[in-house]
Amino acid sequence: MRKSFFLFLISSFVLIYSCDDGDVITFELDFEETFEACEGVDDLVFYKIKEDPSESLSILISNYSLEDILEVGDDNTFSETVSATLYYRTYSDITLPSDLFCSDIPSNTTINVDENDGVTVEISTTLIEDDNDGVLTSLEFDGDTDGDGLDDYIDADDDGDNILTADENPDPNGDGDLSDAQDTDGDGIPDYLDNDDDNDGVLTQDEESISQDNNPANDITNSDVGADYLNPAVKESFSATSYRTHTISQTYLVILTVTNISLSTLSQDELDFGILDDPILSDSRTVTPDF
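In this numbering scheme, every chain counts its residues from 1 along its sequence in written order. Local features in this predicted model are restricted to residues of pLDDT 70 or higher, and side-chain atom pairs are both shown and tallied only at a pLDDT of 80 or more, whereas totals for entire chains, interfaces and linings draw on every residue. As a convention, hydrogens and water are excluded, and side-chain values are obtained from all of the structure's heavy atoms.

Regarding the overall build of the protein
Thought 1: Within the protein, the secondary structure is distributed over 2 helices and 10 strands.
Thought 2: Burial classification: accessible surface area is computed with a 1.4 Å probe over protein chains only, and a residue below 20% of its type maximum counts as buried, one above 50% as exposed, and the rest as partly exposed. Counting over 291 residues, the protein shows a buried share of 41%.
Thought 3: In the protein, of all internal contacts separated by at least 6 residues, the share reaching a separation of at least 24 is 62%.
Thought 4: Here the accessible surface of atoms and residues is derived via Shrake-Rupley with a 1.4 Å probe, and residues count as covered only by protein chains that are part of the display. As displayed, the protein offers around 15,400 Å² of accessible surface, 46% of which is attributable to carbon and sulfur atoms. Secondary structure elements follow DSSP: runs of H or I no shorter than four residues count as helices, runs of E no shorter than two count as strands, and numbering proceeds from the N terminus. Here a residue-residue contact requires only that any non-hydrogen atoms of the pair lie within 4.5 Å.

Structure below.
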């Protein structure tokens, strides 16, 4: 999806003689909503590029790094307002090099530079975490079902039975409606929230009669029925001693807003620069809850 920025040019005849009717010629810059970044020794550059015609918008922030804007607080957010330089460039080449802004040797294709020193840039970062367990995050903000210290939306095993939620069919058809979630014992509690899936009186996490490896799914006494934790006829119990390790995905959402703009060709007082697109924004962390 693209975001448009409008530029205006007033003819020199108007500027010098002020005897025209003052018509404003409006041009549309059709840039993508996303932007990219590259770092120098002391500076950080955010930029977006387009071709046909070849143009770019870029922001230079001195003494700044990508790591700075990813230092979120306890509320998983970061916000800061900094002073920067905004550039609008046009180029002679129809096709621009992929390393236009991040190369050691700057491109010599620039034919026009409109520079605005001292713009104000508001940087807003939000860290979004998820357990990728097949249950929509919006449906998992009711707390910590198993009491392991991880809220359900970042808990890959919501009931703490050492069977991952994603493997307990919480949303078989993937439509976001959990009313059809798997409920093996028919007790009205879906397996992903039921710590005794077959209702045999032995906790699912303790049904490891073959291998005690924090994974009851591979303990199968009767292959015709399946894993022992889903077989009410098997009631052997081996007390679990720990939870499985959880992997939590992390995505940083970085948004820039520019104000105090005085480019000769940009007619907006406020510029929504867009959303940062960079591999560094995707990460993960692992945690093993205390048992």
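Considerations on the side chain of Asp146
Thought 1: Summarising the element assignment, Asp146 is placed in the loop between β7 (110-130) and β8 (246-259).
Thought 2: There is a polar contact of 3.0 Å between the side chain of Asp146 and the backbone nitrogen of Gly160.
Thought 3: Those residues in contact with Asp146 that sit more than four places away from it in its chain are Asp155, Asp157, Asp158, Asp159, Gly160 and Tyr243. Polar contacts here mean pairs of N or O atoms no more than 3.5 Å apart (in protein, one a potential hydrogen donor and the other a potential acceptor; neighbouring residues in sequence count only if both atoms are side-chain atoms).

Remarks on the packing of aromatic side chains
To describe a pair of aromatic rings, you give the distance between the ring centres and the angle between the ring planes.
Thought 1: Only Phe, Tyr and Trp rings are paired, with Trp represented by its six-membered ring, and only when their centres lie within 6.5 Å; those with planes under 30 degrees apart are stacked, over 60 edge-to-face, the remainder tilted. For the structure shown, the criterion picks out 4 aromatic pairs.
Thought 2: Measuring from ring centre to ring centre gives 4.7 Å for Tyr47 and Phe101, while their planes differ by 20°; the resulting arrangement is stacked. Highlighted residues: Tyr47 in strand β4 (residues 43-50) and Phe101 in the loop between β6 (77-91) and β7, separated in sequence by 54 residues. You'll find Tyr47 and Phe101 in the same group, each marked buried.
Thought 3: Taking the centre distance of 5.0 Å and the plane angle of 65° together, the rings of Tyr243 and Phe291 count as edge-to-face. Placement of Tyr243 in the loop between β7 and β8 and of Phe291 in the segment after β10 (282-287) is noted, with a sequence separation of 48 residues between them.
Thought 4: Tyr243 sits in the buried class, given a relative accessible area of 13%.
Thought 5: An aromatic cluster is defined as three or more aromatic residues linked by ring pairs; in this entry it consists of Phe35, Phe46 and Phe273.
Thought 6: Ring-over charges, as used throughout, are those where CZ of Arg or NZ of Lys falls within 6 Å of the ring centre and within 35 degrees of the ring normal. Over the face of the ring belonging to Phe273 we find Lys48, whose NZ or CZ atom lies 4.9 Å from the ring centre.
Thought 7: Positioned over the ring face of Tyr87 is Arg89, at 4.5 Å from the centre of the ring.

A short note on the environment of Glu71
Thought 1: Structurally, Glu71 is set in the loop between α2 (66-69) and β6.
Thought 2: Once the C-alpha coordinates of Glu71 and Thr126 are considered, the two residues, 55 residues apart in sequence, prove to be 9.9 Å apart.

Topic: unusual backbone geometry
Thought 1: For the bond from Asp52 to Pro53, the omega torsion is 0°, close enough to zero to count as cis.
Thought 2: Structurally, Pro53 can be placed in the loop between β4 and β5 (55-62).
Thought 3: Positive phi, close to 60°, is recorded for Asn260, a residue that is not glycine.
Thought 4: Note on placement: Asn260 falls in the loop between β8 and β9 (270-276).
Thought 5: Note on Asn260: relative accessible area 52%, which makes it exposed.

Any functional reading would require information that these geometric values do not contain.
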